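The primary structure of each chain is shown beneath.
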Amino acid sequence: MKETAVSILENIRKGSLEMEDYVFKKLELIRKKDNIINAYISIDSEDFILDRISEIKRNIASGKKMKIPGLVVSIKDNISTNFLPTTAGSKILENYIPPYNATVVEKILEEGGIIIGKTNLDEFAMGSTTEFSAYGLTRNPWDITRVPGGSSGGSAASLAYGSCDLSLGSDTGGSVRLPASYTATVGLKPTYGTVSRYGLIPYANSLEQISPMARSVKDLALIWDVIKGYDEKDATSVNNNYKSNSKFKICIPKEFIEDSEPPIRSTIYKLLEKIENEGVAIEYEGKFENLKYALPAYYTIAFAEAASNLARYDGKLYPISSEGLSYKEMSENTRRYYFGFEVKKRILMGVLALSEGFINDYYIAATKGRRIIRDEILNMTKNCIVASSVSPILPPKIGERIKDPLKLYAMDIYTVVANLAGVPALAMPAGFYNNLPIGIQFMAGPFEEEKLISLGSLVEEITGLYNLIAGD
Ligand code: GLN
């Protein structure tokens, strides 16, 4: 039987697996592989981990029920931890240690998870390849000449080479799903409001959710169960009202697949055939009329929100301080030297989209596009789970896409829809082509995460593509 997080957990509970041995093996693997892959920005010390294990053991001994005792978790470096720096992949937050933990981090600690380190990302989660990090790019463990996807590329790579059991990323426009698809892992962007954003360094608040990742859907269910739920510290948090697991059919509007590379199209259609053979109805004729609005609406809204969020980095509050300078000099210096090129570009474009004379043509128009897309997908997910490609292309070579921003942004065409609409979406392995992973996406209606998880569990049983570790 394959070693999944679920089976590791069973062995830990039975006492047949020693937590120390298990975690130290992971640390050894990180030491061996991470100088090439660069999935992590920071790693816990052995002493810290030993203390943590003693604490978990004390809790077990005192009869405390925990959901993931001893499982090893990596966390994207835009999620606040008060025991490890939280850089958001930016020089502007180098060595910044937040004074508090994100709610999701508190929950993971409470349930016995061992947080092994913080993972690499595009600066402020702005990107699709993890090449825009101030801490070096992350490589795809399946082919180190290629990108792992982004912006949660560090989380995906950390899972793909086996250095942890579970991971947290964030997904503003596809940032856990694209990396999941490029690394043969699994990522779930939950319904907006279901996971607390308290402690997430914001990029575009109205679009993003902290999102779980794992090497199988069944493993992912473990961490989803830990992190979901209302949090009074997040004003957009909602009281959950998850729909029970009713029967479903799948539809695949051609707009969601036809422009994908041929091996992606054929892999997905072949998989759908197999799913159909298991008795799930599939509808191939549907249309999704408004996909053309998705990228312009998403990028305009994301840039506008980013411009407003990143205004706080003026050199006053966060680590870089330039004493003795006027406010103007201080903020100019900080921004000029400590933001990367892509971030500066997005701030400028966001300011433009919001400025008088342009706001109607850009920001307001984008919110209308968002509404149209939201209405269409809500309508469609009433009757079915929408299947699609995750990415129109196979994992690109390092350097290939970042030269042309439009080509880079086009990679997100199928994923941004769920963020614009606030609905949940799951990305998981569908197959391989020339040893490169190909993913499939399933989108459902609001609060239908359980439906996605049961469909995903069925799909991974059909494909056998779960708990894959690159290089095994
Ligand atoms: N690639 C998208 C962007 O750059 C999505 C990033 C994300 O989900 N954080 O905005």
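A few points on the structure. Just so you know, these numbers come straight off a predicted model, no measurement behind them. Here the residue index of a chain counts from 1 through its sequence in written order. Predicted model: local features are reported for residues with pLDDT of at least 70 only, side-chain atom pairs are reported and counted for 80 or more only, and whole-chain, interface and lining totals are derived from all residues. To obtain the side-chain values, all non-hydrogen atoms of the structure were included, while hydrogens and water were left out.

## Quick look at empty space enclosed by the protein
(1) Moving on: Using a grid of 1 Å spacing that covers the protein atoms alone, one calls a set of points a cavity when a 1.4 Å probe fits there but cannot get out, and a pocket when the set is open and has protein on both sides within 12 Å along at least five of seven lines; lining residues are those with an atom within 4 Å of a point. Grid points are joined across faces, edges and corners, and a volume is the space filled by probe spheres set on the points. By the definition in use, this model includes 2 cavities of 30 Å³ or more.
(2) Moving on: What the largest cavity holds in volume is close to 70 Å³.
(3) Moving on: If you go around the largest cavity, you meet 14 residues; those closest to its centre are Gly127, Ser175, Tyr298, Tyr299 and Asp412.
(4) Moving on: Put simply, Ala, Val, Leu, Ile, Met, Phe, Trp, Tyr, Cys and Pro go in the nonpolar bin, Asp, Glu, Lys and Arg in the charged bin, and everything else, Gly too, in the polar bin. Counted by class, the lining of the largest cavity contains 5 nonpolar, 7 polar and 2 charged residues.
(5) Moving on: A volume near 50 Å³ is recorded for the second largest cavity.

## Thoughts on the side chain of Glu123
(1) Moving on: Note on placement: Glu123 falls in the loop between strand S3 (114-119) and helix H5 (153-160).
(2) Moving on: Only protein chains enter the calculation, and the probe is 1.4 Å; a residue is then buried if its accessible area is under 20% of its type maximum, exposed if over 50%, and partly exposed in between. In this tally, Lys and Arg are treated as positive and Asp and Glu as negative; His is ignored, and so are the chain termini. In the sections that follow, a salt bridge refers to a side-chain nitrogen of Lys or Arg positioned within 4 Å of a carboxyl oxygen of Asp or Glu. Buried within the structure, Glu123 lacks any salt-bridge partner; Lys344 is the closest side chain of opposite charge, at an N-O distance of 8.6 Å.
(3) Moving on: Residues contacting Glu123, with those up to four places away along its chain left out, are Ala88, Gly89, Ser90, Phe132, Ser133, Tyr338, Phe339, Gly340 and Val343. Starting at the N terminus, helices and strands are each numbered in turn, a helix being any DSSP run of H or I of at least four residues and a strand any DSSP run of E of at least two. In this description, contact between two residues means that some pair of their heavy atoms is separated by no more than 4.5 Å.

## Notes on helix H11 (residues 341-354)
(1) Moving on: The span you would expect from a helix comes to 1.5 Å times its residue count less one. Taking 1.5 Å of rise per residue, 14 residues should cover 20 Å, and H11 covers 20 Å from first to last C-alpha, within 8% of that figure.
(2) Moving on: When H11 is considered as a whole, its buried residues turn out to be Glu342, Val343, Lys345, Arg346, Ile347, Gly350 and Ala353.
(3) Moving on: Where H11 is buried, its residues touch helix H9 (294-309), helix H12 (360-383) and helix H13 (405-410).

## Concerning the pairing of strand S11 (residues 436-443)
(1) Moving on: Most of S11 is tucked away: 8 of the 8 residues are buried.
(2) Moving on: Here S11 shows a buried face lined by Leu436, Ile438, Ile440 and Phe442 and a second buried face lined by Pro437, Gly439, Gln441 and Met443.
(3) Moving on: The rule for pairing is simple: two strands pair if DSSP sees at least two bridges between them. Pairing analysis gives 4 bridges linking strand S9 (residues 385-389) to S11, with the strands arranged antiparallel. Directly across from Val386, in S11, lies its bridge partner Met443.
(4) Moving on: Taken together, strand S10 (residues 425-433) and the strand that follows it, S11, pair antiparallel across an intervening segment of 2 residues, in which Asn434 is found at a positive phi of about 50°.

## Brief notes about the pattern of salt bridges
(1) Moving on: Within the structure shown, the criterion is met by 22 salt bridges.
(2) Moving on: Linking Lys218 and Glu461 is a salt bridge whose minimum nitrogen-to-oxygen distance equals 3.0 Å. A residue pair is termed long-range when its members are at least 10 positions apart, and Lys218 in helix H7 (residues 217-227) and Glu461 in helix H15 (residues 449-463) qualify at 243 residues.
(3) Moving on: For Glu461, a relative accessible area of 53% puts it in the exposed group.
(4) Moving on: One salt bridge connects Glu332 with Lys328, and the closest N-O pair in it is separated by 3.0 Å. Of the two residues, Glu332 and Lys328 both sit in helix H10 (residues 327-338), 4 residues apart, roughly one turn of that helix.
(5) Moving on: The class for Glu332 is partly exposed, based on a relative accessible area of 34%.
(6) Moving on: Taking the relative accessible area as the measure of exposure, Lys328 reaches 56% and is therefore exposed.
(7) Moving on: Via salt bridges that share partners, Lys67, Asp225, Lys228 and Glu450 belong to a single interconnected network.

## Some thoughts on the pairing of strand S4 (residues 166-171)
(1) Moving on: Counted residue by residue, S4 has 6 buried out of 6 residues, so it is predominantly covered.
(2) Moving on: Residue alternation in S4 divides its side chains into two sets, Leu166, Leu168 and Ser170 and Ser167, Gly169 and Asp171, and both sets are buried.
(3) Moving on: Pairing of strand S2 (residues 72-76) with S4 involves 3 bridges; the strand directions are parallel. Across the sheet, residue Ser74 finds its bridge partner in S4, namely Ser167.
(4) Moving on: Judged from the 6 bridges that link them, S4 and strand S6 (residues 209-214) form a sheet pairing that is antiparallel. Paired with Gly169 across the two strands is Ser211, which belongs to S6.

## Comments concerning the environment of Gly162
(1) Moving on: Among the secondary structure elements, Gly162 is positioned in the loop between H5 and S4.
(2) Moving on: When the C-alpha atoms of Gly162 and Gly15 are compared, they prove to be 22 Å apart, with 147 residues separating the residues in sequence.
(3) Moving on: In this structure, Gly162 is in contact with Lys26, Leu29, Arg215 and Ile469, ignoring residues within four places of it in sequence.

## Quick look at the side chain of Ser80
(1) Moving on: Relative to the helices and strands, Ser80 is located in the loop between S2 and helix H4 (103-110).
(2) Moving on: Pairing of N or O atoms within 3.5 Å defines a polar contact, subject to two protein rules: one partner must be a possible hydrogen donor and the other a possible acceptor, and residues neighboring in sequence count only if both atoms are side-chain atoms. Within polar-contact distance, the side chain of Ser80 engages the backbone oxygen of Gly199 at 2.8 Å.
(3) Moving on: In contact with Ser80, other than residues within four places in its own chain, are Thr86, Pro98, Tyr100, Asn101, Ala102, Val105 and Gly199.

Worth remembering: the numbers are spatial, not functional.
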